[in-house]
Amino acid sequence: MRGPTLSAELARSGVFQSFQDLIRDTLNLDPLMLINFGFVLIAIVTSLRSTWNTLYSYAEKTCLATVHVKGEDVLYDDIIRWMTDHAFRHRNFLSAMAQTTNESDNKSSKSKTPANSRPTRSELDTPVSYKESDDSSAIELKPFHGSRLFRFKGRWIYFSHTSNNPENTARGPQIEGKPQLTLQCLSLSLSPLKVFLDEARAYSRKVSISTVKIYRTKLGARDVLRWSAVASRPSRDIATVILDQEKKQTLLRDVNEYLHPHTRQWYANHGIPYRRGYLFSGPPGTGKTSLASAIAGVFGLDIYVLSLQDPTMTESNFNRLFAEVPTRCVVLLEDVDAAGLNRGDLVPNKDQTQTMQPSAVNASTISLSALLNAIDGVSSQEGRILIMTTNMPQELDRALIRPGRVDLHIRFQLPSPAELRELFLSLYSDAPYKGLHDASQEKKEMIQKERLDGLADTFSKSLPENRFSVAEVQGFLLRYKQHPEEACENIGNWIKEMYLEN
């Protein structure tokens, strides 16, 4: 074994000598000097880095104001939006997150097609290939991790956006799910950063004033349920919700009074928790969820949707998520009757004692006591609006719908002829004019109104009263989006089809 080992060492020595000769001949320098210079350079860099870390740690304790923002906080998205539109706009990043956005779909100003144009019958008969047509979505590149020094109101602020990987060595608390966000500036107080946070939040509200953001629960890192924004939709006009006008106005006045700036102080003066709860009940497809969405749009609120039947939802998660919703938002609790929360679902056990066992039918992972505690318990958030929807209000436990938890009950019914007429006029309000090319605009509007009024009367009288839901009738009308006359002509056949199906 000694012979081969010695040969290998001699061979390596020869290669190293050849390498030294090559460097000496090429650069006219002693290779050992380069190696020594490299060691010195590494030592200097290490020393500078250690010195910087020491100075940085000292500055953090004395004169460097620092703010950390959790990834699941709504403020996180507000800051990213402000930074994207202001600080990042004119800078190139080598590391970015690609995100597809469909916001251009809602901006008619970007569309090449006039908003009031209508496809012809021949155009509707020709299939559209979206692989060949222009894609209305856009690809937006956002910084994924990195840093940025920017100036805000005369102060330099250091923005740090680091990915939350196990090997991440960034300072500050580690945040599950999204990357963490850190803001720093030279200051003896947090006031400059507070001003910036207020500006970012105000800017986000300004650009999203006509949209409603919808949040749902989503499993994050380590299977922890977190709130996650799943959609941002244009605010729905309350006029498009088909409901008795008196009920609609009663609800709007009640919500408006509750959200008035002076109301919160009144609640505090009288020792009443500042919460408001509503119950929307009625058959499926009558517009309960649509009304909740419209309410959020009218008052500029976001919607947080909770499902009692989510198999991943535990009582501890449910209480925590309920407590994490921000003030001034809509919490939508859909189909509470389907969650098995009523005491009617309780059956005696085998001992026939007073102890009761929950029925397996419509069982929920959330107990009634947990739900009641989340709604108005000690940790329940104030300032929010709770809307519960149900198809069968008679199945709910009275403890759930008592005054204080449900302050106003809005009962939805199958639409009356008047409401069907309103639905017809709402869908065809922008129907194209026919045979009025030479008439003035005023005359066109007058003739169009008379025409639609007549068609709406015919349509509403053709439908049996209290038989079909708004969703069912609307589904039929959507077959004839631009042709109200054809909708009236075919309503009879549709009614027969519906009777045969049922």
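Preceding block: the structure.
Residues numbered from 1 in each chain as written. Predicted model: local features only at pLDDT ≥ 70, side-chain atom pairs only at ≥ 80, totals over all residues. Heavy atoms only, no water.

Quick look at the pattern of salt bridges
Pairing between side chains of opposite charge can happen when their charged atoms approach one another. Enumeration according to the criterion identifies eleven salt bridges in this entry. Of the charged contacts, one joins Asp 453 and Arg 421 as a salt bridge, the two residues approaching to 3.4 Å between their closest N and O atoms. Of this pair, Asp 453 sits in helix 12 (residues 441–462) while Arg 421 sits in helix 11 (residues 417–427), placing them 32 residues apart in sequence. Under the relative-accessibility criterion, Asp 453 is labelled buried at 19%. In this structure Arg 421 comes out as partly exposed when scored by relative accessible area, which is 25%. The shortest N-O distance in the salt bridge between Asp 453 and Lys 449 comes to 3.1 Å. In this pair, Asp 453 and Lys 449 both sit in helix 12, four residues apart, roughly one turn of the helix. One network of salt bridges, with partners in common, ties together Arg 421, Lys 449, Asp 453 and Asp 457. (Salt bridge = Lys/Arg side-chain N within 4 Å of Asp/Glu carboxyl O. Helix = DSSP H or I, 4+ residues; strand = E, 2+ residues; numbered from the N terminus. Buried < 20%, exposed > 50% of the residue type's maximum accessible area, 1.4 Å probe, protein only.)

Focus on helix 8 (residues 288–298)
Those residues of helix 8 that fall on the buried side of the exposure criterion are Lys 288, Leu 291, Ala 292, Ala 294, Ile 295, Ala 296 and Gly 297. Summarising the contacts, the buried residues of helix 8 are in contact with strand 7 (211–219), helix 6 (245–259), strand 9 (276–281), strand 10 (303–306), strand 11 (330–333) and strand 14 (385–390). Downstream of helix 8 by one or two residues, Gly 300 has phi in the positive range, about 65°. (Contact = heavy atoms within 4.5 Å.)

Regarding a nonpolar patch on the surface
Together, Leu 32, Ile 35, Phe 39 and Ile 42 make up an exposed nonpolar region whose accessible area comes to about 410 Å². One can find Ile 42 in helix 2 (residues 31–62). For Ile 42, a relative accessible area of 54% gives the class exposed. (Patch = residues over 30% accessible without salt bridge, like charges linked within 9 Å, V, L, I, M, F, W, Y side chains within 5 Å. Areas by Shrake-Rupley, 256 points an atom, 1.4 Å probe, with all protein chains shown as cover.)

Focus: unusual backbone geometry
The phi dihedral of Lys 153 falls on the positive side, at around 50°, and the residue is not glycine. Residue position: Lys 153 is located in the loop between strand 4 (146–152) and strand 5 (155–162). By relative accessible area, Lys 153 is classed as exposed at 62%. Despite not being glycine, Asn 466 shows a phi value in the positive range, around 55°. Tracing the backbone shows Asn 466 in the loop between helix 12 and helix 13 (470–477). Among the residues examined, Asn 466 registers a relative accessible area of 45% and is labelled partly exposed.

Points about the pairing of strand 9
The element strand 9 is extensively covered by neighbouring structure, given that six of its six residues are classed as buried. Taken together, the six bridges between strand 9 and strand 14 define a ladder with parallel strand orientation. In the strand pairing of strand 14, Ser 281 is matched with Thr 390. Relative to strand 15 (residues 408–411), strand 9 runs parallel, the two being bridged by four bridges. Following the sheet pairing, Phe 280 is matched in strand 15 by Ile 410. (Pairing = 2+ DSSP bridges.)

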